[in-house]
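Summary of structural features
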Amino acid sequence: MASISYFTEDTTFLITQKRSLTAWIKQVILDEGYQLELLNFIFCSDNYLLSINKQYLDHDYFTDIITFEQSEDPSTIEGDIFISIDRVKENADTFNTEFSQELYRVMIHGVLHLCGYMDHTPEEKEQMRDKESYYLRILSIKHST
């Protein structure tokens, strides 16, 4: 089956360059030693993600991403990644970066969570950021050729 799908909830955002993003994400998953089963990206509004954050995680605050791992086999990737487009836009402004770069960073952040990376401690956050940057450079190389 091995597929990546893109959906929207409560936003008019449309993802572009699906083919190249899908190929990039699949390569990251392989490079990390996993096999892709099914991955859904759901792009949504702040309010939509806030309701998920409250309902499933008992957190009452805005966030840019929530990742739900669904795989029963530890060697495969199957899950749902919810991304607030509102948060991504605000973060891009805050960090003075392009929206697309921030979006791709958040997308790969969710994928890395599914690959077992955490970001609770300073060391884990640094490792996560290093991995994000590494894979973003690979995406840049592919887009520049």
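Before reading further, recall that the structure is shown in the block above.
One structure accompanies this document, and this report is about it. Nothing here was measured: the structure is a model prediction, and the numbers come from that model. (Residues numbered from 1 in each chain as written. Predicted model: local features only at pLDDT ≥ 70, side-chain atom pairs only at ≥ 80, totals over all residues. Heavy atoms only, no water.)

**Some words on the packing of aromatic side chains**
Taken as a whole and judged by the stated rule, the model has 10 aromatic pairs. With a centroid separation of 5.7 Å and 10 degrees between ring planes, the pair formed by Tyr6 and Phe41 is classed as stacked. Note that Tyr6 is positioned in strand β1 (residues 3-9) and Phe41 in strand β2 (residues 35-44), a separation of 35 residues in sequence. Judged by relative accessible area, which is 0%, Phe41 ranks as buried. An angle of 65 degrees between the planes, with centres 6.4 Å apart, marks the rings of Trp24 and Tyr104 as edge-to-face. With a gap of 80 residues between them, Trp24 in helix α1 (residues 18-31) and Tyr104 in helix α4 (residues 99-114) connect regions that are remote in the sequence. Grouping residues by exposure puts Trp24 and Tyr104 together as buried. A connected cluster of aromatic rings, assembled from ring pairs, spans Tyr6, Phe13, Phe41, Phe43 and Phe99. (Phe/Tyr/Trp six-rings, centres within 6.5 Å; stacked < 30°, edge-to-face > 60°. Helix = DSSP H or I, 4+ residues; strand = E, 2+ residues; numbered from the N terminus. Buried < 20%, exposed > 50% of the residue type's maximum accessible area, 1.4 Å probe, protein only.)

**Some words on the packing of helix α3 (residues 85-94) against α4**
One can describe the packing of α3 onto α4 by two numbers: an axis separation of 9 Å at closest approach and a directional angle of 125 degrees. Relative to α4, the element α3 lies oblique. The two elements α3 and α4 cross, and the hand of that crossing is right-handed. Residues Ile85, Val88, Lys89, Asn91 and Ala92 of α3 form the contact with α4, whose participating residues are Phe99, Glu102, Leu103 and Val106. When grouped by side-chain class, the residues that make up the contact of α3 with α4 number 6 nonpolar, 1 polar and 2 charged. (Axes fitted to C-alpha atoms, helices over the stretch in contact; angles between N-to-C directions. Parallel < 35°, antiparallel > 145°, perpendicular 65-115°, else oblique. Left-handed = near helix turned anticlockwise from the far one by under 90°. Contact = heavy atoms within 4.5 Å. Nonpolar A, V, L, I, M, F, W, Y, C, P; charged D, E, K, R; others polar.)

Take it as geometry only, folks, not as evidence of what the structure does.
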